[in-house]
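Reading the structure
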Amino acid sequence: MNWDDPTDAAAPERLVASVADREDQAVEAALRPKDLGEFIGQEKVREQLDLVLRAARARGATADHVLLSGAPGLGKTTLSMIIAAEMGAPIRITSGPAIQHAGDLAAILSSLQEGEVLFLDEIHRMSRPAEEMLYMAMEDFRVDVIVGKGPGATAIPLELPPFTLVGATTRAGLLPPPLRDRFGFTAHMEFYEPAELERVIHRSAGLLDVEIEGDGAAEIAGRSRGTPRIANRLLRRVRDYAQVKADGLITRDIAAAALAVYEVDARGLDRLDRAVLEALLKLFGGGPVGLSTLAVAVGEERETVEEVAEPFLVREGLLARTPRGRVATPAAWAHLGLTPPGTSTVGNGQQDLFGT
């Protein structure tokens, strides 16, 4: 049984958005690996998790509570489903924003079966009263249900069957230490290497019955921002282009042409990313410039620039956040084919930073 997640699942405007839209959710259900052996990437996490689950099965016990952290689209939900499958247990899915009151959590916990896996996505967004109830549930497998109000209120202890909580978060730093310490196993999901994404793309292409060459998969992988969800989304868009404009076979040239149509460049930057860089370089000479000023120049909200565009640009080493404002790096100038101000080209073709 899945509990409804109130998170807005409208289609993202950006092809390289790491948040899943409804189409992604439907496709991911078909593409998800069913066990750890099928799961690609995250080698250390898989090895450690395999030991935890095998030991629990050998003891005939419920697996320890698991905390998975990392950026969206790296496989946290998939791993939670694999944990349930490996333990032969049902899984119940909900999210932090869906639990606004302690009673909401009590209703979920009281209906769990023994050994069931409870997947709590965005656990850092759960309300504080529910969070405090979760402490006791994780540690002692019981909760105190408050009946009545004021001086006449009574706490009724409710015993819970042993269960496994799998918490997922994109912001582990927001979890309070008492909650974080109650997880028996914690893992951080890393961004994928291009070679790993190529394997993901080949696997997905096989399941989607898409013909793809090795260099075509490599082209898509290089533009996928280290995220399997984005890789699968780009694969579907390139498949559409190949079916309409070619014979259905995805080659490097077809992949490059398709992603050019969708404005995803060789490093995975899209229209918004390039607009931020171009404004920073062409209008403000590479900075420093304040976030609000940069957002006005781009024609976007301040939060959009800060939370949507900047994280990837910083991770790629194209932009730096400083106390004085945003500053472009030399890599940003090179990526857009522009020359930083105050530089000149000397005889050997190299740039002289001192203009001599």
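The structure presented is a predicted model; accordingly, all values stated were derived computationally and were not measured. (Residues numbered from 1 in each chain as written. Predicted model: local features only at pLDDT ≥ 70, side-chain atom pairs only at ≥ 80, totals over all residues. Heavy atoms only, no water.)

Some thoughts on the pairing of strand β9 (residues 325-328)
Examined bridge by bridge, strand β8 (residues 319-322) and β9 share 4 bridges and lie antiparallel to one another. Each bridged residue has a counterpart across the sheet, and for Ala320 the counterpart in β9 is Val327. (Pairing = 2+ DSSP bridges. Helix = DSSP H or I, 4+ residues; strand = E, 2+ residues; numbered from the N terminus.)

A look at the pattern of salt bridges
If charged atoms from side chains of opposite charge come close, those side chains can pair. On inspection of all chains with the given rule, the structure shows 17 salt bridges. Notably, a salt bridge pairs Arg252 with Glu219, separated by 2.9 Å at the nearest N-O pair. You can see Arg252 sitting in helix α10 (residues 252-261) and its partner Glu219 sitting in helix α8 (residues 214-221), a full 33 residues away along the chain. A residue is classified by how much of its surface remains accessible, and Arg252, at 36% relative accessible area, is partly exposed. Given the relative accessible area of 14%, Glu219 is considered buried. A salt bridge links Arg237 to Asp240; the nearest nitrogen and oxygen atoms lie 2.9 Å apart. Pair noted here: Arg237 and Asp240 are both in helix α9 (residues 228-245), with a separation of 3 residues, about one helical turn. A relative accessible area of 14% means that Arg237 is categorised as buried. Its relative accessible area of 24% is what places Asp240 among the partly exposed residues. (Salt bridge = Lys/Arg side-chain N within 4 Å of Asp/Glu carboxyl O. Buried < 20%, exposed > 50% of the residue type's maximum accessible area, 1.4 Å probe, protein only.)

Here we look at the packing of helix α7 (residues 194-207) against α8
In contact at an axis separation of 8 Å, α7 and α8 are set at 120 degrees when each is read in the N-to-C sense. Classified by the angle their axes make, α7 and α8 are oblique. Here α7 runs over α8; the crossing is right-handed. In contact with Pro194, Leu197, Glu198, Ile201 and His202 of α7, α8 contributes Gly214, Ala217, Ala218, Ile220 and Ala221. Among the residues forming the contact of α7 with α8, the class breakdown is 7 nonpolar, 2 polar and 1 charged. (Axes fitted to C-alpha atoms, helices over the stretch in contact; angles between N-to-C directions. Parallel < 35°, antiparallel > 145°, perpendicular 65-115°, else oblique. Left-handed = near helix turned anticlockwise from the far one by under 90°. Contact = heavy atoms within 4.5 Å. Nonpolar A, V, L, I, M, F, W, Y, C, P; charged D, E, K, R; others polar.)

So, α9
Here α9 contains 18 residues, and its C-alpha end-to-end distance of 25 Å stays within 8% of the 26 Å for a straight helix at 1.5 Å per residue. For α9, a buried count of 14 out of 18 residues is recorded, marking the element as mostly surrounded by other parts of the structure. (Expected span 1.5 Å × (residues − 1).)

Some thoughts on the confidence of the model for the protein chain
Summary statistics for the protein chain give a mean pLDDT of 83 and a share of 87% for residues scoring 70 or more. Counting interchain partners and residues more than four positions distant, the pLDDT-below-50 stretch residues 1-12 has 24 contacts. Here residues 345-356 scores under 50 on pLDDT; set against residues more than four positions off or in separate chains, the count is 17 contacts. (pLDDT = per-residue confidence, 0-100.)

Focus: the sheet that holds strand β2 (residues 91-95)
Strands sit in the order β2-β3-β6-β1-β7 across an open sheet of 5 strands; the sheet is parallel. A single partner strand is all that each edge strand has here, and the edge strands are β2 and β7 (185-188). Across this sheet, the average inter-strand angle for adjacent strands is 15 degrees, counted without regard to direction. Where strand β1 (residues 66-69) and β7 come together, 4 bridges link them in parallel fashion. Within β7, the position partnered with Ser69 by the bridge is His188.

Topic: the nonpolar core
In terms of nonpolar packing, the biggest core is built from 51 residues, with Leu49, Leu79, Ile201, Ile212, Ile220 and Ile250 touching the most fellow members. No other element matches the 7 residues that α9 contributes to this core. Sequence-distant contacts of Ile220, that is, excluding residues within four places in its chain, are made with Ile201, Ile212, Ala231, Leu234, Leu235, Val238, Ile250, Ala255 and Leu259. Ranked by size, the runner-up nonpolar core spans 24 residues in total, among them Leu120, Leu160, Leu179 and Phe183. (Core = buried A, V, L, I, M, F, W, Y, C linked by side-chain atoms within 4.5 Å.)

As for the packing of aromatic side chains
One pass over the full model with this rule turns up 1 aromatic pair. Each ring, one from Phe141 and one from Phe163, has its centre 5.5 Å from the other, and the planes form 80 degrees; the classification is edge-to-face. Residue Phe141 is found in the loop between α5 (128-140) and β4 (142-147), and its partner Phe163 is found in the loop between β5 (154-159) and β6 (164-169); the two are separated by 22 residues along the sequence. Accessibility expressed as a relative area gives 23% for Phe141, which makes it partly exposed. Assessed through its relative accessible area of 1%, Phe163 is described here as buried. (Phe/Tyr/Trp six-rings, centres within 6.5 Å; stacked < 30°, edge-to-face > 60°.)

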